Amino acid sequence: MSVPTLFTVSPAFLINAGITNAANIYYQLPPDELIRLALEKGEGELSDTGALVIDTGEFTGRNPKDKYIVRDELTENVIDWNEFNIPIRRDKFEALYQKALDFLDDKPLWVRDCYVCADENYRINIRVINENPCCNLFAYNMFLRPDAAELSQMKPDWHIFQVPHFFAEPETDGTRTKVFVIADFTRKVILIGGTQYTGEMKKAIFSILNFILPQEHNVLSMHCSANVGKAGDTAIFFGLSGTGKTTLSTDPDRMLVGDDEHGWDDAGIFNFEGGCYAKTIDLSPEKEPEIYDAIRFGAIIENVTFFPDTNTIDFTSKEITENTRVSYPIDYIPNALVPSVAGLPHNIFFLTADAYGVMPPISKLSSGQAMYHFISGYTAKVAGTEAGVKEPKPTFSACFGAPFLPLHPTRYAEMLGKKIREQSVNIWLINTGWIGGSYGTGSRIKLTYTRRMIAAALSGELNEVEFQPDPVFGVMVPVKCQGVPYRILNAKATWADKNSYDETAKKLAAYFIENFRKYTAYANSEMLAGAPRL
């Protein structure tokens, strides 16, 4: 094993961050050392494939209502203050920050220098300071890794302090609960406390990029996956959790650019990250072989359980949470594109798991419809996934990532619409959900059919077929696609009760219209024209 880089006294770079009395600082440790230390500290155990299995404790997902932005001159009139962008006063943040630093006194720390944005034009250096080696391994996996020459010259642009065992006192600290994720754009600090859910680190960085890139560089930041074909054709996949974003972009016949976060400038797209963070519930080598094979030494898998008396992961188990996840460096995927920079997109796919069973399995959108559906960010929850959900429930998340958008959603949608028009991009709406009826009556669209429809769109095969407008949503539906039965393409044709289909389609359309009311005053006429028709 490699020898860890250990500073027994605080080097200047941590004094500058406010830490003056750390016990030991483990700097830039390689994965094998971090795993060894995590095992020694009882933070996890190895699966039979060598992956580090950890339990994130009380919180197995993000806490979006405990996410704050310091309200000051820089942010006051720019942030879209809402339930996800909650203001916190400067004095409250400064006091909490100092309390966190005091908490870290005399404690060992794991520190990593890394960066985000694979395109060098937009690179931001990040210094991550963790309480736990397992969390520092997550930073190694998920952010971009400098080589030795880069490291010797690096100076941090931002700091992340992730302090799971430090809790806020709401009555004095100005927070809602003991948990907090706070971004200070003036100090360039992200402070995370009270939770060991590792995804908070990556999503906090994504949120600051959604503030910086559109404003300072005119780059559209996107919550999406992306891949590129052998001919250099780039495709982007937007979708909320459970719609197939990671699964469909991980294609053995195409190079993976990234699975979650990208930027789009005048030259092309680029990945923000250096790793993948994939859901593992019901993972199988048959359906998702690349992700399955990435669960090996160096990967971290969260909140899973083993089959009894083994170290074999039971991917079907929801005993701890349905939100089981694995993080690994992107090069664990054999056909990953490194560096993760690709050309301009030819096709964009909006993915929705429509549990009402009325959205077409594939349809083509105009630029106005694209902006409308982008702002809507629709999918549906199904019965059993959430307490009290007895029937399909519509879920709308602006730009397919509302909790991570510091600016108003129409800002991102207008940028998208401009790029679509200027670069003649094809926009497709893909329903990976139900046909033949709503959830409980119909059935989930086969993954093989979805892959075949996407392949037909990517190859240009669908350019040669006739399209017909959907009578409610107005999107254009192809009348045929080789390898997919005709009745699968026509959502209504799969329903035995056509009147019930009509009623359900109108019901869902009404949800869309109601959800969009809050954006109407900010939307342009092209966006508004993309609404469904009642």
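Structural notes, computed from the coordinates. Here, residues in each chain are numbered from 1, in the same order as that chain's written sequence. In keeping with the predicted nature of the model, local features appear solely for residues at pLDDT of at least 70, side-chain atom pairs appear and are counted solely at 80 or more, and the whole-chain, interface and lining totals rest on all residues. Excluded from the side-chain calculations are hydrogens and water; all other atoms, namely the structure's heavy atoms, are used.

## Digging into helix H7 (residues 199-217)
- Across its 19 residues, H7 extends 26 Å between first and last C-alpha, which sits within 8% of the 27 Å expected from 1.5 Å per residue.
- Burial analysis of H7 places 16 of its 19 residues in the buried class, which makes it a mostly covered element.
- Helix numbering and strand numbering both begin at the N terminus, where a helix is a DSSP run of H or I of at least 4 residues and a strand a DSSP run of E of at least 2. Positive phi shows up at asparagine 218, right after H7, with a value of about 55°. Expected span of a helix: the number of residues minus one, times 1.5 Å. A 1.4 Å probe rolled over the protein chains alone gives each residue an accessible area, and that area as a share of the maximum for its type sets the label: buried under 20%, exposed over 50%, partly exposed in between.

## Observations regarding the packing of aromatic side chains
- The aromatic pairing rule takes the rings of Phe, Tyr and Trp, using the six-membered ring of Trp, and pairs them if the centres are within 6.5 Å, calling planes under 30 degrees apart stacked, those over 60 edge-to-face and the rest tilted. Tallied over the full model, the rule gives 32 aromatic pairs.
- Between tryptophan 434 and tyrosine 439 the ring centres are 5.2 Å apart and the planes differ by 80°, which places this aromatic pair in the edge-to-face class.
- On the basis of relative accessibility, which here comes to 33%, the residue tyrosine 439 falls in the partly exposed class.
- Within the aromatic cluster, the residues linked to one another by ring pairs are Tyr122, Phe206, Phe270, Phe272 and Phe404.
- The rule for a charge over a ring is simple: NZ of Lys or CZ of Arg within 6 Å of the ring centre, and within 35 degrees of the ring normal. When the ring centre of tryptophan 81 is taken as origin, the NZ or CZ atom of arginine 71, which lies over that ring, is 4.7 Å away.
- Positioned over the ring face of phenylalanine 404 is lysine 203, at 4.7 Å from the centre of the ring.

## Some points on the packing of helix H4 (residues 133-142) against H7
- Convention adopted: a line fitted to C-alpha atoms gives each axis, helices being fitted over their contacting stretch, and angles between N-to-C directions are expressed from 0 to 180 degrees. Relative orientation of the contacting elements H4 and H7 amounts to 45°, with a least axis distance of 9 Å. By the angle between their directions, the pair H4 and H7 is classed as oblique. By crossing handedness, the relation of H4 to H7 is classed as right-handed. Contacts between H4 and H7 involve Cys135, Phe138 and Met142 from the former and Gly199, Met201 and Lys202 from the latter.
- The nonpolar class holds Ala, Val, Leu, Ile, Met, Phe, Trp, Tyr, Cys and Pro. Asp, Glu, Lys and Arg form the charged class, and all remaining residues, Gly among them, are polar. For the contact of H4 with H7, a count of residues per class yields four nonpolar, one polar and one charged. Any angle that is under 35 degrees is reported as roughly parallel, and any over 145 degrees as roughly antiparallel; angles of 65 to 115 degrees are reported as roughly perpendicular and all others as oblique. Handedness of each helix crossing follows the sense of rotation of the near helix against the far helix: counterclockwise by less than a right angle gives left-handed, clockwise gives right-handed. Whether two residues are in contact is decided by their heavy atoms: any pair within 4.5 Å suffices.

## Brief notes about the pairing of strand E23 (residues 345-352)
- Counting buried residues in E23 gives seven out of eight residues, a clear majority hidden from the surface.
- By this definition, two strands are paired if DSSP reports at least two bridges between them. Pairing of strand E13 (residues 234-239) with E23 involves six bridges; the strand directions are parallel. Bridging across to E23, phenylalanine 237 finds its partner in phenylalanine 349.
- Relative to strand E27 (residues 426-431), E23 is paired through six bridges, and the arrangement is parallel.

## Side note on the pairing of strand E21 (residues 325-329)
- Burial of E21 is extensive: five of the five residues sit out of reach of the surface.
- Alternating positions in E21 separate into two faces, Arg325, Ser327 and Pro329 on one and Val326 and Tyr328 on the other, with burial throughout.
- Sheet topology places strand E17 (residues 275-279) next to E21; five bridges connect them, and they run antiparallel. Bridge pairing in E21 places cysteine 276 opposite tyrosine 328.
- Looking at chain direction, strand E18 (residues 300-302) and E21 are connected through three bridges and run antiparallel. Bridging across to E21, isoleucine 301 finds its partner in valine 326.

## Comments concerning the environment of methionine 222
- Assignment of secondary structure puts methionine 222 in strand E12 (residues 220-228).
- Residue methionine 222 is classed as buried on the basis of its relative accessible area, which comes to 1%.
- Sequence separation between methionine 222 and alanine 139 is 83 residues, and the spatial gap between their C-alpha atoms is 20 Å.
- Not counting residues up to four positions away in its chain, the partners in contact with methionine 222 are Phe206, Ile236, Phe238, Asp260, Glu261, His262, Gly263, Trp264 and Ile269.

## Things to note about helix H2 (residues 31-40)
- Within H2, burial applies to Pro31, Glu33, Leu34, Ile35, Leu37 and Ala38.
- Contacts from the buried residues of H2 go to strand E2 (25-27), strand E3 (44-46), strand E4 (52-54), strand E7 (109-116) and H4.
- At the exit of H2 stands glycine 42, carrying a positive phi of roughly 75°.

Read these as spatial facts, not as claims about activity.
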